[in-house]
Amino acid sequence: MEAIVLARRNFKEFDQHITFYTKESGKVELFARGVKKIQSKNSAHLEPFSYVQIEIAEGKGVAHLTKVIPINFFAKIRQNFDKSMDAGFLCSFLDQMTEVEEVDSRIFELFLSWLKFVDKSDKFNNILTDAFIINLFSVLGFYPILDYCVICEKTYKEMAKDNLLNNKKLGFYFAGGGIICPLCREEKKHIGEQIVDCGLREVSNLQALLKNDWRLIQDFSMEEVEQKKLHKLIYEFVLFHSEKKIEDWELHLNI
Ligand SMILES: [Zn+2]
């Protein structure tokens, strides 16, 4: 079956456990015997984010990897530092966010389309990584509500009519699943719930990441300050919903 390598972990001297995200069976962890031996044909094809065809033998306990046929190694991603850092990060991110045997072919297609696009493209914009993550979270059931206040359901038009958008701040209310109007935000503040600033500009940027294809997202022109704000918002959103310790995927840019 078609699979993308997410991770490989050593097991005894020559063996490894390899984690794949597959089209048909979601995330799988397989035992690869002898894969670390120098003459192992399979080893080179099993680097993270390689796209491969695999064959499996169901054994007692853990299933065995019996055959690997390479489909795409994404050489141009590997030759570019930014691209390969982000692709590698997305592998470990997907590994952390998904459970074995939860099948969702949309996740597979999303990652494969990202890899194919980034591999072919001459440039690379880190916004593509943020876009992948917010789209992944949408597939995982955290599609942010961006068209109206999640509490009172006022649209932006109605907020403007009620004079709510002058000098008052919209927010992103993570626990509520989306945008909160300034009035409802005031009330929630008293209870002490976590709400982060999110202006109309960030709302439309987020919508753009959720509704456009990779090419449009890559060419999306955004000031650096704006892009940083958007990234911070997505990162906080991820931290809130994943309840895991996730490293900030843009930090390698500052090395
Ligand atoms: Zn409201």
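Residues numbered from 1 in each chain as written. Predicted model: local features only at pLDDT ≥ 70, side-chain atom pairs only at ≥ 80, totals over all residues.

You'll find the protein chain entered in an unreviewed UniProt entry as DNA repair protein RecO. UniProt, in the comment section headed Sequence similarities (unreviewed entry), describes the protein chain in these words: "Belongs to the RecO family." What UniProt states about the protein chain under its Function (unreviewed entry) heading is, verbatim, "Involved in DNA repair and RecF pathway recombination." (UniProt positions renumbered as here; feature names shortened; annotations may be inferred.)

A. Structural context of the domain arrangement of the protein chain. In terms of domain boundaries, the protein chain breaks down into domain 1 (1–124) and domain 2 (135–255). Averaged C-alpha coordinates put domain 1 and domain 2 at centres separated by 31 Å. Contacts between domain 1 and domain 2 engage 14 residues on the former and ten residues on the latter. Counting only elements with at least two residues in the side of domain 1 that touches domain 2, the list comes to α2 (81–97) and α3 (105–120). Looking at the side of domain 1 that touches domain 2 element by element, the count peaks at six residues for α3. Grouping the amino acids of the side of domain 1 that touches domain 2 by side-chain chemistry returns seven nonpolar, three polar and four charged. (Domains from an automatic or database assignment. Contact = placed C-beta atoms within 7 Å. Helix = DSSP H or I, 4+ residues; strand = E, 2+ residues; numbered from the N terminus. Nonpolar A, V, L, I, M, F, W, Y, C, P; charged D, E, K, R; others polar.)

B. Local environment of the environment of L65. Here L65 shows up in strand β5 (residues 64–72). Sequence spacing of L65 and I18 is 47 residues, and the spatial spacing of their C-alpha atoms is 8.6 Å. In this structure, L65 is in contact with I18, L30, F31, A32, I54 and I56, ignoring residues within four places of it in sequence.

C. Representation of helix α4 (residues 127–139) in the model. For α4, built from 13 residues, the straight-helix expectation of 18 Å at 1.5 Å per residue is met to within 8% by its first-to-last C-alpha distance of 18 Å. Most of α4 is tucked away, with ten of its 13 residues classed as buried. Three or more residues of α4 are buried, namely I127, L128, T129, D130, A131, F132, I133, I134, N135 and L136. Buried residues along α4 sit in contact with α2, α3, α7 (200–211), α8 (214–219) and α9 (224–242). Phi turns positive one or two residues past the end of α4, at G141, with a value near 105°. (Expected span 1.5 Å × (residues − 1). Buried ≥ 20, exposed ≤ 12 C-beta atoms within 10 Å, placed from the backbone.)

D. Structural view of the packing of α7 against α9. Close contact between α7 and α9 brings their axes to 10 Å; oriented N to C, the two are set at 75°. Relative to α9, the element α7 lies roughly perpendicular. Residues R201, E202, N205 and L206 of α7 pack against E226, K229, L230 and L233 of α9. (Axes fitted to C-alpha atoms, helices over the stretch in contact; angles between N-to-C directions. Parallel < 35°, antiparallel > 145°, perpendicular 65-115°, else oblique.)

E. Representation of the confidence of the model for the protein chain within the structure. Here the protein chain averages 92 in pLDDT, and 98% of its residues register 70 or above. Mean pLDDT values for the elements of the protein chain range from 90 in helix α6 (residues 182–191) up to 97 in α3. (pLDDT = per-residue confidence, 0-100.)

F. Representation of the environment of F174 within the structure. By the secondary structure assignment, F174 is in the loop between β6 (171–173) and β7 (178–180). What makes F174 buried here is the crowd of 21 C-beta atoms within 10 Å. When residues no more than four places from it in sequence are discounted, the contact partners of F174 are Q194, F237 and F240.

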